[in-house]
Amino acid sequence: MRITVSGLPGSGTTSLSRYIAQRHGFEMISAGEVFRQLAKEHNMELAEFGRLAEEDSSYDKMIDARQKEIAESRDNIIVEGRLSGWMVPGADLKIWLFAPIDCRIKRIVFRDQVVDETTAMQLTLEREQCEAGRYRSYYDIDINDLTAYHMVLNSGHWGVEGLGSIVDSAIAQLKS
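Given the structure is predicted, the values throughout are model-derived calculations rather than measurements.

### Topic: helix α7 (residues 117-139)
1) Next: An ideal rise of 1.5 Å per residue puts 33 Å on 23 residues; α7 measures up with 32 Å between its terminal C-alpha atoms.
2) Next: Restricting attention to buried positions, one finds in α7 the residues Ala120, Thr124, Arg127, Glu128, Cys130, Glu131, Arg134, Tyr135 and Tyr138.
3) Next: Structurally, α7 contributes buried residues whose contacts are with α2 (31-41), α3 (46-55), α4 (58-73) and α6 (101-112).
4) Next: Two or three places before Thr118, at the opening of α7, Asp116 has a side-chain oxygen 3.1 Å from that residue's backbone nitrogen.

### Comments concerning the packing of α3 against α7
1) Next: Taken N-terminus to C-terminus, the directions of α3 and α7 make an angle of 20°; their axes are 9 Å apart at the nearest point. Viewed along their axes, α3 and α7 adopt a mutual orientation that is roughly parallel. When the axes of α3 and α7 are compared, the crossing they make is left-handed. Two secondary-structure elements touch here, α3 through Leu46, Ala47, Gly50, Arg51, Ala53 and Glu54 and α7 through Leu123, Glu126, Arg127, Cys130, Arg134 and Tyr138.
2) Next: Residues belonging to the contact of α3 with α7 are distributed by class as follows: six nonpolar, one polar and five charged.

Procedures and definitions
- For every chain, the first residue of the written sequence is number 1, and numbering continues from 1 along that sequence.
- A pLDDT threshold of at least 70 governs which residues receive local features in this predicted model, and a stricter bar of 80 or more applies before side-chain atom pairs are shown or counted, although totals over entire chains, interfaces and linings include all residues.
- Hydrogens are left out, water is left out, and the side-chain values use all remaining heavy atoms of the structure.
- Segments assigned H or I by DSSP are reported as helices when at least four residues long, segments assigned E as strands when at least two residues long, and all are numbered from the N terminus.
- One less than the number of residues in a helix, times 1.5 Å, gives the span that helix is expected to have.
- The cut-offs for exposure are 20% and 50% of the maximum accessible area for each residue type, with area from a 1.4 Å probe on protein chains only; residues under the lower value are buried, those over the upper are exposed, and the others partly exposed.
- Contact between two residues is taken to exist if any of their heavy atoms lie within 4.5 Å; hydrogens are not considered.
- Side-chain atoms alone can form a polar contact between residues adjacent in sequence; in general such a contact is a pair of N or O atoms within 3.5 Å, and within protein one must be able to donate a hydrogen while the other accepts it.
- Axis definition: a line fit to C-alpha positions, over the contact stretch in the case of helices; interaxial angles, taken between N-to-C directions, run 0 to 180 degrees.
- For this classification, under 35 degrees means roughly parallel, over 145 means roughly antiparallel, 65 to 115 means roughly perpendicular, and everything else is oblique.
- Each crossing gets its hand from how the near helix is turned against the far one by less than a right angle, where anticlockwise is left-handed and clockwise is right-handed.
- In this count, Pro and Cys sit with the nonpolar residues alongside Ala, Val, Leu, Ile, Met, Phe, Trp and Tyr, while Asp, Glu, Lys and Arg are called charged and the others, Gly among them, polar.

Note that all results are geometric; they support no functional claim without further evidence.
See below:
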């Protein structure tokens, strides 16, 4: 089984992916963690590194191609990333996580240790705009088009356990 989990920054994609991987014994690959690691290696904030990636498409394309290659060569895998639902067209289950912006910002402040919510909002909106432009330019993908996904879940309404329970039911149905 191949599952993709996508969503905007702070929507909980990594948390849900980890839950699914642990619960079902699946391997997990995460584009966001790779991107954050690259930003850290370059001593840059995410938005700043996003601008660099905007200037040099090789960063995004390398991450996207690697995710796709791994996903297509393995079974029982979770592919987590903004574009994973588009990059793994044959996935058995494609999930998009949504959360209101204020909820996502609180998570980002905590996760990325941003100074305050105003700064996190500014950086996040800049990052989202930058990414949306890159996805359209590279792949002609509109990140707001959710038609590639089988499920759209509100992570502002449910925590990881609640979301996990819903996904567990979907996985059980797919296996039957």
